[in-house]
Amino acid sequence: MEDQLLTTVDWARAQFALTAMYHWIFVPLTLGLSFLIAFFESIYVKTGNEEWKKLTKFWMTLFGINFAIGVATGIILEFQFGTNWSNYSWMVGDIFGAPLAIEGIFAFFIEATFFAVMFFGWHRVSKGFHLFSTWMVAVGSNLSAVWILVANGWMQFPIGMNFNPDTARFEMQNFWEVALSPVAVHKFTHTTSSSFLLASLFVVGISALFLLQERHQKMAKRSMVVAAVFGFIASIFVAFTGDEAAFSVAQRQPMKLAAMEGLYVGQEKAPIIAMGIINSSKKPGDDLPAFYQEVKIPGLLSLLANRDPNSFVPGINDLVFGNAERNIVGAEQRMVTGKIALAELARYKYAKDKGDDTESAAALSIFDQHKGDLGYGYLNNPAEAAPPVATTFYSFHIMVVLGTLFPVIFLLVLYFAYKGTLEYQRWLNLACFFSIFLGYVASQAGWVVAEVGRQPWAIQGLLPVGVATTNIAASNVQTTFFMFLTLFTALLIAEIRIMMKQIKIGPEA
Amino acid sequence: MIGNLDHSILQQLWWLIASVVGSLFLFLTFVQGGQTLIFTTASTEEEKSLIINAMGRKWELTFTTLVLFGGALFAAFPLFYATSFGGAYWVWMLILFTFIVQAVSYEYRKKPDNVLGARTYEIFMSINGSVGLILIGAAVGTFFTGSRFSLNLYNSVTWATPYHGLEAALNPFNLALGLFLVFLARILGAMYIVNHVDHENLVKRARKATWINLLWALPFLLTVLIGFATMDGFAVDPATGVVSLEKGKYLNNLLGMPVVLFLLLGGLGSVIYGVAATGFLGKNSGIWFGGIGTVLVGLAIFSLAGYNNTAFYPSITDLQSSLTIYNASSSKYTLTVMSYVALAVPFVLAYVAYVWKLMDAKKLSIAELTGEDADEMY
């Protein structure tokens, strides 16, 4: 039975990763391109120049193609919490369901209502109302990001709630703590600004392709300038919010930070690994080196994590096995407390069911003393508390390296646009075009860091993924995994083909 | 103010809110109905495009309402969300699949290089409008016929059949409800075409489609109504929470809640009047009677399932695992917060209605499909 459940968990995780990563191919472009289209249309309305309208319509066409598949891949994510993670849905639905419902009320209806005006309202509503609708689609898209990231932020840093032993679930105590959680704020600002960056790379890259092909040059240059300005500003925000997000991770998810940097043994003046090759054989607690090769920058991790280059940053070993000298209680010790909490919860539930008030009161008293480590009670081995280090490390470093490259590209585009020689910079235009793909790599890598880095937890410290899943035979989830894989891949191929055709047709068709 | 309400009042309020959203979704399935009409009512490619473009301006509203319905159930009744979605796995997965393929079909159908070809996307739309709605009907039908599950002390669900919900689609009552929804959606779709499309031949055939589909719907409607009048239901003792089978429970609910009886009969009457007005009296406003009627019927169905001490998601494997609006709901705090959020719903409905009015002020014609914005049309 246990093997069967483990397999179910594995397939459920694979399915969630698959659907989330597919969805995230389309969403960042929607978030950023919607604003760029609103900028283009605003210029059209202000100047009355029909070329800007053509430009707006061209990017709108690509937006619509992308938006449709974004919607298609998105619906499954909401319902997957119920189908594949039903224990999760019950245990945290009292808190997690609210942001999803609010997302529907406040964001999705704005998008759905004004999307039709944006695409089919050119001759049905006034110019001003059409522009308003385009802006509302951008606002609605980004509002939806707010609420789903509030929900995700809560999973990373659960606050504003308490465990109710009678219902055996976590219940919300303070909505504002959930909605305004610092992790949610950091996630929203970092995710949306990186989406703006990716959309800017997309517009700059496609426009650069036109310059390379010596087609639609005037419109391409206009698009590039607007997108490069937007992208450069977004890049600055990405760097700033990324730093804040990393600081937040250091304070609230130290295990994730340790994995991001491959730091096994905590230290003062902890270095950042600028480049490194992870030792894949390394396990928590052993004596093997963490890296085969690495290039370090001393003290920088301490500075980023604690705003003090001399400070101590805990490593994976400290967090798994504890470090008495630093007052760090490790997963090993928390597992002991957590198992007491679980046993007392079971005793409490059983006594309540039998109507034994004395026994239930005694059990509840002990449970309350240990419930803070409830989630650790589900672990079988303290090393399970560490996420996959190599995946987290490489994803983080790929994201950071690429994130540093993009503002340089935007600056170069603006410089040569200012000089009036953009169309002659073949190397830059090639770099711009290939940066589209790098942008997607960076964006996906960011989510891998966020989600793989919080394993084994569905809810940080409270609910491991193994307990969150549905009690269903693995073959069911395995079948739907391959169904999604086939369907989404087919739709992605169709989307890319349609996009390429529209790009080939161009804005002046 | 809302914070002073009893938990039980909030639970009843949230069942009502979820019912309203669910009923609005049923009205908006005119999009799904329209999607199935492309193979039966349209006789040329031009007419097919008119139907698809008429529905294409509204498909996202239907989709979003479905998502909100799911979100509202998750937020207000998380135990239902966990039990039904995790247990009746395959019914929900297949429903989702039909909506996934629908979402891309409008945008991709006419675009060059769409890989699968226009016909495939049209079939996707048709599957969404038929299979999708039958399965939704089957899922709603289990509110009355029950499902095979049990919950443990921690409310973790175990499904008693390996079919994980597919068995629900084979129950005659559930199937009848699903097929009724399909034909109701087709009636509404035809009414919307009459209301919004400027094409003499297509409108003429759409008028005929309203009453033909009503005739098709009648046997399934009668099966459902006879079911309500005769079937045993799942009663909850309000004092102890114990669930038991009660003879004629849903008939008792109808008689015990005259408002619900009025909603059901008034709703059906309104739909029938909408059909008569569209099919025989030459009016274009039938969609509004059909739409309001559908919402009323939806409210009646959800009220029958959830109110008057009834288990809305009954278990036939273990009666005491059955879900009621009281044992499946969120905490009082969460329902209070969500109730404040729900105050925004009338505002949302208002701007949706305003934009709808603006966009539908002028009928959709061939001229628009082939005009300046032809490339952007579905």
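Structure first, text after, so check above.
Okay, so let's go over this structure. (Residues numbered from 1 in each chain as written. Chains lettered and ligands numbered in written order. Predicted model: local features only at pLDDT ≥ 70, side-chain atom pairs only at ≥ 80, totals over all residues.)

1. Describing the packing of helix α9 (residues 200-230) of chain B against helix α11 (residues 258-279) of chain B
All names here are of chain B. Condition: In this description, a line fitted to the C-alpha atoms serves as the axis of each element, helices being fitted only across the stretch in contact, and the angle between N-to-C directions of two axes falls anywhere from 0 to 180 degrees. Secondary structure elements follow DSSP: runs of H or I of four or more residues count as helices, runs of E of two or more count as strands, with numbering from the N terminus. The sense of a crossing depends on the near helix, which, turned anticlockwise from the far helix by less than a right angle, makes the crossing left-handed and, turned clockwise, makes it right-handed. A pair of residues counts as a contact when their C-beta atoms, built from backbone coordinates, are separated by no more than 7 Å. Amino acid classes used here: Ala, Val, Leu, Ile, Met, Phe, Trp, Tyr, Cys and Pro are nonpolar; Asp, Glu, Lys and Arg are charged; the rest, including Gly, are polar.
Axis separation between α9 and α11 bottoms out at 8 Å; the angle between their running directions is 145°. α9 and α11 meet at a crossing whose hand is left-handed. Here Arg 207, Lys 208, Thr 210, Trp 211 and Leu 214 of α9 come into contact with α11, specifically with Val 275, Thr 278 and Gly 279. Within the contact of α9 with α11, the residues separate by chemical class into three nonpolar, three polar and two charged.

2. Details of unusual backbone geometry
Residues and elements named next belong to chain A. Quick note on the threshold: Exposure classification rests on a simple neighbour count of other C-beta atoms within 10 Å of a residue's own: a residue reaching 20 or more is buried, one at 12 or fewer is exposed, and one in between is partly exposed. C-beta atoms are placed from the backbone.
Cis geometry marks the peptide bond from Gln 455 to Pro 456, where omega comes out at 15°. Checked against the element boundaries, Pro 456 lands in the loop between α14 (426-452) and β7 (457-459). In this structure, Lys 269 is a non-glycine residue whose phi angle is positive, near 50°. As for its placement among the helices and strands, Lys 269 is situated in the loop between β3 (267-268) and β4 (272-278). Here Lys 269 falls in the partly exposed class, since 16 other C-beta atoms lie within 10 Å of it. Even without glycine at this site, Arg 307 takes up a positive phi of about 65°. Position of Arg 307 among the secondary structure elements: in the loop between α9 (300-306) and β6 (312-313).

3. Details of the environment of Met338(B)
Residue and element names in this part refer to chain B. Note on placement: Met 338 falls in helix α13 (residues 332-342). A tally of 25 C-beta atoms within 10 Å means that Met 338 is categorised as buried. In sequence terms Met 338 and Ala 75 are 263 residues apart; their C-alpha atoms lie 7.9 Å from each other.

4. Brief notes about the packing of helix α2 (residues 50-83) of chain A against helix α5 (residues 78-87) of chain B
The cut-off we apply is this: Note on angle classes: values under 35 degrees are labelled roughly parallel, values over 145 roughly antiparallel, values of 65 to 115 roughly perpendicular, and the remainder oblique.
For the pair α2(A) and α5(B), interaxial distance at closest approach is 7 Å and the crossing angle is 90°. Between α2(A) and α5(B), the angle is such that the two are roughly perpendicular. For the pair formed by α2(A) and α5(B), the contact residues are Phe79(A), Gly82(A) and Thr83(A) on the first element and Tyr81(B), Ala82(B), Phe85(B) and Gly86(B) on the second. Its residues assigned to classes, the contact of α2(A) with α5(B) shows four nonpolar, three polar and no charged.

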